[in-house]
Amino acid sequence: MREYLQKLSEKKSLDQTEMKEAVSKLFSDEVTDSEIAAFLIGLKTKGETVEEIVGLVQAVRENSLTFTRKVENVMDNCGTGGDGSKSFNVSTTSAFVIAGAGIPVAKHGNRSISSKTGSADVLEHLGINLTLTPKEAEECLDNVGISFLFAPHVHPKIKNIMKVRRELKIPTIFNLIGPLTNPMELDYQLLGIYRRDLLQTFGEVLKTLGRKRAVVINGAGYMDEASLQGENHLFILDNGTISEKILTPEEVGLTSYPNESIIGGNAMRNGEILLSVLNGEKGACRDTVLLNAGIGIYASGKTDSIVEGIAKAKESIDSGAAKQKLEDLIAKGETFRKEGVV
């Protein structure tokens, strides 16, 4: 590690291969907590490049559980979190709507870190099995059309790094790369990020990682998802080309609401909101999900416009397809639980 730490201390960037090698060393027992901390702070102080983020992501994924897949055109709509908005689980609710529109979703997520309730917290409350084996997760994706990949479970070697992150108590690159480290191979992605200054960088990262189409978004009020409050900033990757777009709710036929109208609570409360949306209840929460799911459906390549994506999101909810995906995923996880009981 000494060579890499020296370069970072001199504010020199690592290339993709160096970064991959350095991060792989962080997973070994030979690296100390002090070296991990120095590495993370060195990166943060210098500023992470596209090559460094790609190398880091490759190392994390290579040290995760191994997944294969039978289905094509898989997407994820995981966000970074960290926006401080205290909103309900928008992307988690949207994942079922996207899946209900016929798009296979490998949803990567974690427990609460900066918010009251993370995706894993609300899904666990609703009865979804968080600790599926890779084979079981693949079966959910294949048979149900949606699977949840619980980050600590699928990245078992990351414990040492997580320990140091908690002790540092300041944001590092690991607060941002969660959505990029999904161990399932993805074709499409909707990635919400709380830092508007990194939209283009993450667009370039997704391009390097080989996504066919992807949208990186920072919402009004600097949310890590699309907001009905005002202007949403999008970077759209489509067949290797990145373009920038500002999107307001009015231009896609949705009503404007302040971000305070979608504040959530604990796992029970957020579970209630998720179910109310999937059951068709009108209001700010539903419209926020329609906007995010619509952008996700567009990002999946299923539609040529976000407006068309929103129309398919409405159909997914109103037909009951989105709610059925939730029920099927709960039932499948329960089947695996029973099969695992000796």
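Please refer to the structure higher up on the page.
An account of the accompanying structure is given in this report. Remember, it's a predicted structure, so these values are computed and weren't measured experimentally.

## Some points on the pattern of salt bridges
Across all of its chains, the model carries 20 salt bridges by this definition. Its salt-bridge partner being Asp33, residue Lys163 comes within 2.6 Å of it at the nearest N-O pair. Here Asp33 lies in helix 3 (residues 33-46) and Lys163 lies in helix 9 (residues 159-168), a separation of 130 residues in the sequence. We classify Asp33 as partly exposed; its relative accessible area is 33%. Residues Arg286 and Asp318 are paired through a salt bridge, measuring 3.1 Å at the closest nitrogen-oxygen approach. Linking Arg286 in helix 12 (residues 284-299) with Asp318 in helix 13 (residues 306-318), this pair joins segments that are 32 residues apart in sequence.

## Here's the deal with the state of the cysteines
On inspection of all chains with the given rule, the structure shows zero disulfides. Here Cys78 is not cross-linked by a disulfide; its sulfur's nearest cysteine counterpart is in Cys140, at 18 Å. By relative accessible area, Cys78 is classed as buried at 8%. Counting only cysteine sulfurs, Cys78 is the nearest neighbor of Cys285, a cysteine outside any disulfide, at a range of 20 Å. The class for Cys285 is buried, based on a relative accessible area of 17%.

## Examining the packing of aromatic side chains
Applying the stated criterion across every chain, the model contains zero aromatic pairs. One cation-aromatic arrangement involves Arg196 over Tyr222; the distance from NZ or CZ to the ring centre is 4.1 Å. The ring centre of Tyr298 lies 4.4 Å from the NZ or CZ of Arg213, which sits over that ring.

## Considerations on a negative patch on the surface
A surface patch of negative charge is lined by Glu3, Asp15, Glu21 and Glu51. One can find Glu21 in helix 2 (residues 16-26).

## Describing the packing of helix 3 against helix 9
Relative to each other, helix 3 and helix 9 sit at 70°, their axes nearing to 10 Å. One way to sum up the angle between helix 3 and helix 9 is to call them roughly perpendicular. Judged by the twist between their axes, the crossing of helix 3 over helix 9 is right-handed. Residues Asp33, Ile36, Ala37, Leu40 and Ile41 of helix 3 touch helix 9, and the partners they reach there are Asn160, Ile161, Lys163, Val164, Arg165 and Leu168.

## A look at unusual backbone geometry
Positive phi outside glycine occurs at Lys86, with the angle close to 60°. Position of Lys86 relative to the elements: it lies in the loop between strand 1 (75-76) and helix 5 (90-100). One non-glycine residue with positive phi stands out, namely Tyr222, at about 60°. Position of Tyr222 relative to the elements: it lies in the loop between strand 5 (213-218) and strand 6 (232-238).

## Regarding the side chain of Thr117
Residue position: Thr117 is located in the loop between strand 2 (105-109) and helix 6 (119-125). Only 2.6 Å separates the side chain of Thr117 from the backbone oxygen of Gly265, close enough to count as a polar contact. For Thr117, the side chain forms a polar contact with the main-chain nitrogen of Ala267, separated by 3.3 Å. Leaving out residues up to four positions away in the same chain, Thr117 has contacts with Asn89, Ser112, Val122, Gly265, Asn266, Ala267 and Asn270.

## What about the nonpolar core?
Core analysis: the biggest nonpolar cluster contains 68 residues, and Phe96, Leu291 and Ile295 have the highest contact counts within it. In terms of residue count, the dominant contributor to this core is helix 12 (10 residues). Ignoring anything within four residues of it in the chain, the contact list for Ile295 reads Leu190, Val215, Ile217, Ala226, Leu234, Leu247 and Ile306. Leu56, Ile177, Leu209 and Ala214 belong to the second-largest nonpolar core, a separate cluster that totals 43 residues.

## Some words on the environment of Glu35
Examined against the element boundaries, Glu35 turns out to sit in helix 3. For the pair Glu35 and Ala313, spaced 278 residues apart in sequence, the C-alpha to C-alpha distance is 47 Å. Contacts of Glu35, omitting those with residues within four sequence positions, involve Met1, Leu5 and Glu30. At a separation of 2.9 Å, a polar atom in the side chain of Glu35 contacts the main-chain amide nitrogen of Thr32.

## Overview of helix 2
Every buried residue of helix 2 is listed here: Glu18, Met19, Ala22, Val23 and Leu26. The buried side chains of helix 2 occupy one side of the element, clustering within an arc of 125° when seen end-on. Buried residues along helix 2 sit in contact with helix 1 (2-9), helix 3, helix 4 (50-62) and helix 9. Measuring from the side-chain oxygen of the N-cap residue of helix 2 to the backbone nitrogen of Thr17 gives 3.1 Å; that N-cap residue is Asp15.

## Here we look at the packing of helix 2 against helix 3
For the pair helix 2 and helix 3, the least separation of the axes is 10 Å and the interaxial angle reads 145°. Seen along the crossing, helix 2 lies across helix 3 with a hand that is left-handed. For the pair helix 2 and helix 3, the contacting residues are Met19, Ala22, Val23 and Leu26 in the first and Ile36, Phe39 and Leu43 in the second.

So, how was this worked out
Residues numbered from 1 in each chain as written. Predicted model: local features only at pLDDT ≥ 70, side-chain atom pairs only at ≥ 80, totals over all residues. Heavy atoms only, no water. Salt bridge = Lys/Arg side-chain N within 4 Å of Asp/Glu carboxyl O. Helix = DSSP H or I, 4+ residues; strand = E, 2+ residues; numbered from the N terminus. Buried < 20%, exposed > 50% of the residue type's maximum accessible area, 1.4 Å probe, protein only. Disulfide = S-S within 2.5 Å. Phe/Tyr/Trp six-rings, centres within 6.5 Å; stacked < 30°, edge-to-face > 60°. Lys NZ or Arg CZ within 6 Å of the ring centre and 35° of its normal. Patch = residues over 30% accessible without salt bridge, like charges linked within 9 Å, V, L, I, M, F, W, Y side chains within 5 Å. Areas by Shrake-Rupley, 256 points an atom, 1.4 Å probe, with all protein chains shown as cover. Lys, Arg positive; Asp, Glu negative; His and termini not counted. Charge placed at Lys NZ, Arg CZ, Asp CG, Glu CD. Axes fitted to C-alpha atoms, helices over the stretch in contact; angles between N-to-C directions. Parallel < 35°, antiparallel > 145°, perpendicular 65-115°, else oblique. Left-handed = near helix turned anticlockwise from the far one by under 90°. Contact = heavy atoms within 4.5 Å. Polar contact = N/O pair within 3.5 Å; in protein donor to acceptor, adjacent residues only side chain to side chain. Core = buried A, V, L, I, M, F, W, Y, C linked by side-chain atoms within 4.5 Å. Arc of directions from axis to C-beta.

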